[in-house]
Amino acid sequence: MTTNARPLSGRTLLVTGAAKRLGRAIALAAAENGADVAITYRDSAREARAVVGELARHDVQALAVRCDVTDEKNVQEMVKEVASELGGIDVLVNNAANYDTVEFEKITLAQWDAMFASNTRGPFLVSRAALPYLRKRRGRIVNMGSLGGLRPWATHAHYCSSKAAVHMLTKVMAKALAPRIAVNAVAPGMIELGEKSAAAFMKKMSKQTPMQRAGTAADIVAAVMFFAASPHFITGQVLAVDGGLGL
Ligand SMILES: NC(=O)c1ccc[n+]([C@@H]2O[C@H](COP(=O)([O-])OP(=O)(O)OC[C@H]3O[C@@H](n4cnc5c(N)ncnc54)[C@H](OP(=O)(O)O)[C@@H]3O)[C@@H](O)[C@H]2O)c1
């Protein structure tokens, strides 16, 4: 058996909200695997420029485009620009999202709507705009869901509901867009990204996790890379990457 050191060579990936954290890690792994990569950012222009520099070191095409994923026109323009710069889109990773901790009774209408706008409307809008390009290439969509979309977290009603909707959107799109496009989701659990303020919480959650640790960016990247290159026959799946915490 031969292994391809650059399994995404010749493919193009679009990752939303990838100037930092998990999105950045996904984009870098895709470039390392040989893909041309477009990232989007909203506020993090400086970080996005730095990521483009890092991507280009892997000898691939790289670009960053500003996009608010809640804005239909902005999304359409961004997708058009990415497809024209990279010559098409093979894999879309809907990563951009927001997270918030608010007691149930204190969630305002604005907070509820903003959460659904970025976390649920966003992936819908970007996916819909990317369809013509993904269809041409027999492409793939990978949505970033959450363990919070599979399990109820009392102080995250808006976030959990928005991610549960993303999981259902994944399944609906898998059916609606077959056989040309495969659609799957990765649902991260507790992921350690080096935030000092979260250290105590991570330690507590690690004890409750069967695998006895928090997840890492590498754990999530591995799952996204799998769906980015997996057989097209694998579609409509929501893969929890949570060390067994959700069991
Ligand atoms: N980290 C975790 O432990 C964890 C756990 C479960 C699920 N997830 C999911 O995994 C994905 C990545 O997680 P993360 O923690 O790395 O994400 P994050 O840092 O919370 O957000 C990623 C990026 O989303 C962008 N964004 C937010 N609203 C946007 C909008 N309206 N338009 C465009 N971009 C917008 C921001 O871009 P700018 O900075 O450029 O504004 C932000 O940098 C998310 O979908 C998240 O819900 C993460």
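As shown above, the structure is provided for reference.
A short tour of the structure in this document, coming up. As the structure is a prediction and not an experimental result, all values here were calculated from the model.

Here is what the cut-offs are and how they apply
- Residues numbered from 1 in each chain as written.
- Predicted model: local features only at pLDDT ≥ 70, side-chain atom pairs only at ≥ 80, totals over all residues.
- Heavy atoms only, no water.
- Helix = DSSP H or I, 4+ residues; strand = E, 2+ residues; numbered from the N terminus.
- Rg over C-alpha atoms; globule rule 2.2 N^0.38 Å.
- Pairing = 2+ DSSP bridges.
- Axes fitted to C-alpha atoms, helices over the stretch in contact; angles between N-to-C directions.
- Near = heavy atom within 4 Å.
- Polar contact = N/O pair within 3.5 Å; in protein donor to acceptor, adjacent residues only side chain to side chain.
- Areas by Shrake-Rupley, 256 points an atom, 1.4 Å probe, with all protein chains shown as cover.
- Nonpolar A, V, L, I, M, F, W, Y, C, P; charged D, E, K, R; others polar.

### Some details on the overall build of the chain
Assigned secondary structure in the chain consists of seven helices and seven strands. Taken from the N to the C terminus, the helices and strands of the chain come in the order β-α-β-α-β-α-β-α-β-α-β-α-α-β. Since a compact globule built from 247 residues should have a radius of gyration of about 18 Å, the 17 Å found for the chain is in line with a globular shape. Across its three principal directions, the C-alpha atoms of the chain cover 45 × 45 × 40 Å.

### Details of the sheet that holds strand β5 (residues 140-144)
Spatially, the seven strands line up as an open sheet ordered β3-β2-β1-β4-β5-β6-β7, and their pairing is parallel. Two strands lie at the open edges of the sheet, namely β3 (62-66) and β7 (238-241), each paired on one side alone. Taken pair by pair, the neighbouring strands of this sheet meet at an average axis angle of 20°, ignoring direction. Relative to β5, strand β4 (residues 91-94) runs parallel, the two being bridged by four bridges. The partner of V91 across the bridge, within β5, is R140.

### Description of unusual backbone geometry
Residues A178 and P179 are joined by a peptide bond in cis, for which omega reads 5°. Relative to the elements of secondary structure, P179 occurs in the loop between α5 (157-177) and β6 (182-188). Of note in this structure, D59 is not a glycine but carries a positive phi near 65°. Non-glycine residue R138 carries a positive phi angle of around 50°. The residue R138 is located in the loop between α4 (109-136) and β5 in this model.

### Some words on the site of the ligand
Contacts to the ligand come from 26 residues, most closely from R21, R42, D43, S44 and N95. In the environment of the ligand, an oxygen atom lies 2.9 Å from a nitrogen or oxygen atom belonging to the backbone of D43. Contacts to the ligand include S44, whose side-chain N or O atom sits 2.6 Å from an oxygen atom. When the free accessible area of the ligand is taken as 900 Å², the share hidden by the protein chains comes to 90%. Of all elements in the fold, only α1 (21-32) and α5 reach the threshold of two or more residues within the shell around the ligand. Looking at the shell around the ligand residue by residue, the class counts come to eleven nonpolar, nine polar and six charged.

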